[in-house]
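Close look at the chain arrangement
The lines below spell out each chain.
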Amino acid sequence: MLKPIIVVGSINLDLVARVERIPTLGETLTGTSFQTFFGGKGANQAVGVARLGHAVSMIGRVGDDEFGRRLRQGLKGAGVRATAVKRTPGVSSGVALISVASRGPNAIIVIPGANATLAPQDLENELPSFASAGMVLTQLEVPLSVITFLADITSSNHIPLILDPAPARRLPASLLRKVTWLTPNETETCALCGVAPGALNPQSAARYAARLLEKGPQNVVIKLGARGAFWATADGATTFVPAFRVRAVDSTAAGDAFNAGLAVALMNGKSPPGAVRFASAVAALSVTRIGAQPSMPAAKEVAKFLASRSRRGRDRINEQHPPLNPAGV
Ligand code: RIB
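Residues numbered from 1 in each chain as written. Predicted model: local features only at pLDDT ≥ 70, side-chain atom pairs only at ≥ 80, totals over all residues. Heavy atoms only, no water.

1. As for the overall build of the protein
Summing up its helical and strand segments, the protein has twelve helices and 13 strands in all. The C-alpha atoms of the protein give a radius of gyration of 19 Å, which matches the 20 Å a tight globule of 329 residues would have. Along the first, second and third principal axes, the C-alpha set of the protein runs to 55 × 50 × 40 Å. For the protein, with 329 residues in total, the buried portion stands at 51%. Long-range contacts, defined here as pairs at least 24 residues apart, represent 67% of the contacts in the protein between residues at least 6 apart. Surface summary for the protein: the accessible area is close to 13900 Å², and the carbon and sulfur share equals 55%. The distance from the centre of the 35 positive side-chain charges to the centre of the 21 negative ones in the protein is 6 Å. (Helix = DSSP H or I, 4+ residues; strand = E, 2+ residues; numbered from the N terminus. Rg over C-alpha atoms; globule rule 2.2 N^0.38 Å. Buried < 20%, exposed > 50% of the residue type's maximum accessible area, 1.4 Å probe, protein only. Contact = heavy atoms within 4.5 Å. Areas by Shrake-Rupley, 256 points an atom, 1.4 Å probe, with all protein chains shown as cover. Lys, Arg positive; Asp, Glu negative; His and termini not counted. Charge placed at Lys NZ, Arg CZ, Asp CG, Glu CD.)

2. Quick notes on the site of the ligand
Around the ligand sit 13 residues in total, of which Asp14, Gly40, Lys41, Glu141 and Asp256 are the nearest. The side chain of asparagine 44 places a nitrogen or oxygen atom 3.0 Å from an oxygen atom of the ligand. Residue assignment for the shell around the ligand shows that the elements contributing at least two residues are strand 2 (12-19), helix 1 (41-51) and strand 7 (106-111). Residues of the shell around the ligand, tallied by class, amount to five nonpolar, four polar and four charged. (Near = heavy atom within 4 Å. Polar contact = N/O pair within 3.5 Å; in protein donor to acceptor, adjacent residues only side chain to side chain. Nonpolar A, V, L, I, M, F, W, Y, C, P; charged D, E, K, R; others polar.)

3. Here's the deal with the pattern of salt bridges
Any two side chains of opposite charge can pair, so long as their charged atoms come close to each other. As enumerated under the stated definition, the model contains seven salt bridges in all. Put simply, glutamate 66 and arginine 69 hold a salt bridge, and the shortest N to O gap is 3.4 Å. Residue glutamate 66 and its partner arginine 69 are located together in helix 2 (residues 66-77), separated by three residues, close to a single helical turn. Judged by its relative accessible area of 46%, glutamate 66 is partly exposed. By relative accessible area, arginine 69 is classed as partly exposed at 37%. Residue glutamate 186 pairs with arginine 227 through a salt bridge whose shortest N-O separation is 2.6 Å. (Salt bridge = Lys/Arg side-chain N within 4 Å of Asp/Glu carboxyl O.)

4. Describing the pairing of strand 4 (residues 56-63)
With eight of its eight residues buried, strand 4 lies for the most part within the structure. Alternating positions in strand 4 separate into two faces, Val56, Met58, Gly60 and Val62 on one and Ser57, Ile59, Arg61 and Gly63 on the other, with burial throughout. Bridge analysis of strand 1 (residues 5-8) against strand 4 gives four bridges, and the strand direction is parallel. When the sheet's bridge partners are listed, valine 7 is paired in strand 4 with methionine 58. Sheet topology note: the strand 4/strand 5 (residues 81-88) ladder contains six bridges and is parallel. (Pairing = 2+ DSSP bridges.)

5. Structural notes on the sheet that holds strand 7
Pairing is mixed across the open sheet formed by four strands, whose spatial order is 3-2-6-7. Two strands bound the open sheet, and with one partner strand each, they are strand 3 (33-39) and strand 7. On average, each strand axis in the sheet is tilted by 20 degrees relative to the strand beside it, whichever way the strands run. Of the strand pairs in this sheet, strand 2 and strand 6 (residues 94-101) are connected by eight bridges, and their pairing is parallel. Bridge pairing links asparagine 12 to glycine 94 in strand 6. (Axes fitted to C-alpha atoms, helices over the stretch in contact; angles between N-to-C directions.)

6. Thoughts on the nonpolar core
Judged by nonpolar contacts, the single largest core of 51 residues is most densely connected at Ile5, Met58 and Leu75. Setting aside residues up to four positions removed in sequence, isoleucine 5 forms contacts with Val49, His54, Ala55, Val56, Ser57, Met135, Leu137, Ala263, Val264 and Met267. Ala84, Ile153, Leu213 and Leu224 belong to the second largest nonpolar core, which has 40 residues in total. (Core = buried A, V, L, I, M, F, W, Y, C linked by side-chain atoms within 4.5 Å.)

7. Points about a nonpolar patch on the surface
Taken together, the side chains of Leu97, Ile109 and Ile111 present a nonpolar region at the surface, about 260 Å² in accessible area. Within the fold, isoleucine 111 resides in strand 7. The class for isoleucine 111 is partly exposed, based on a relative accessible area of 40%. (Patch = residues over 30% accessible without salt bridge, like charges linked within 9 Å, V, L, I, M, F, W, Y side chains within 5 Å.)

8. Some thoughts on the packing of helix 7 (residues 186-193) against helix 8 (residues 205-214)
Where helix 7 meets helix 8, the axes come as close as 10 Å, and the angle between the chain directions of the two elements is 50 degrees. Relative to helix 8, the element helix 7 lies oblique. Along this stretch, helix 7 crosses helix 8, giving a crossing that reads as left-handed. Residues Thr189, Leu192 and Cys193 of helix 7 touch helix 8, and the partners they reach there are Tyr208, Arg211 and Leu212. (Parallel < 35°, antiparallel > 145°, perpendicular 65-115°, else oblique. Left-handed = near helix turned anticlockwise from the far one by under 90°.)

Right, dumping it as structure tokens:
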């Protein structure tokens, strides 16, 4: 039996407004619908892993409120072990205000609430679980002190750590050196490299991946959204995996779906390029559905999707993609 995955991260209730396009500064728009979904980058990744059939437990914090009760119940209902999801008295649960435009792009404001009260002590209390973990996933919606302590635990126990550096921010080299897989999107890559947003494209991905690798992680996967994903490793191997072409309705949590897929594929012994392809399929399926956690596909759906795409031969986006210049110049 494969070792379980542990996710350390945020748990939010997503308040989602659908609107024709994302409003500009100072603009008021009339939306088309409002819904709530279980979200939070950590919880989304944990639910993504559970849907793919892998044993997973979550370490996080919710508020001592009705949202917190629902969020914890939602995790359990999805098959995530939630005994290490604790309530923080007197604090509200994390909430995300999300605008989703009609073709899928979104804008998110997160109010951390109880997520900001997660502490290194919460990890200390779970040390026996880490001893039997096969992989650990985390993101940046909980305090950095927790992430750095987590990286100390995983590196000293030789447990692979996947860090999704989201939301975007600069990170200390001492942390990045302990990361096995760093999986930034375009904005996060620019923030980590200290360059203006928009500097990245598929042609320059190799250059930025090399800059990230210099900071110490063993592998980098730059998530380029609808264009694909670029994997590079410290020993010089690289692969560009074009995105699967799908009809997107909501890109919320696509990055979380990708990371869940990457973790499960690696745990099942797939090669890094094979794992990135599997992760891309999980993310592609997630954007065809509305909401964060409800969009996470089951293992059977991913298998069917990949089989249908293999039968069709190369995905069309593959053929349309400009050739990648490995030097990125
Ligand atoms: O990655 C998507 C998630 O970001 C949403 O579910 C929201 O809660 C924010 O954490």
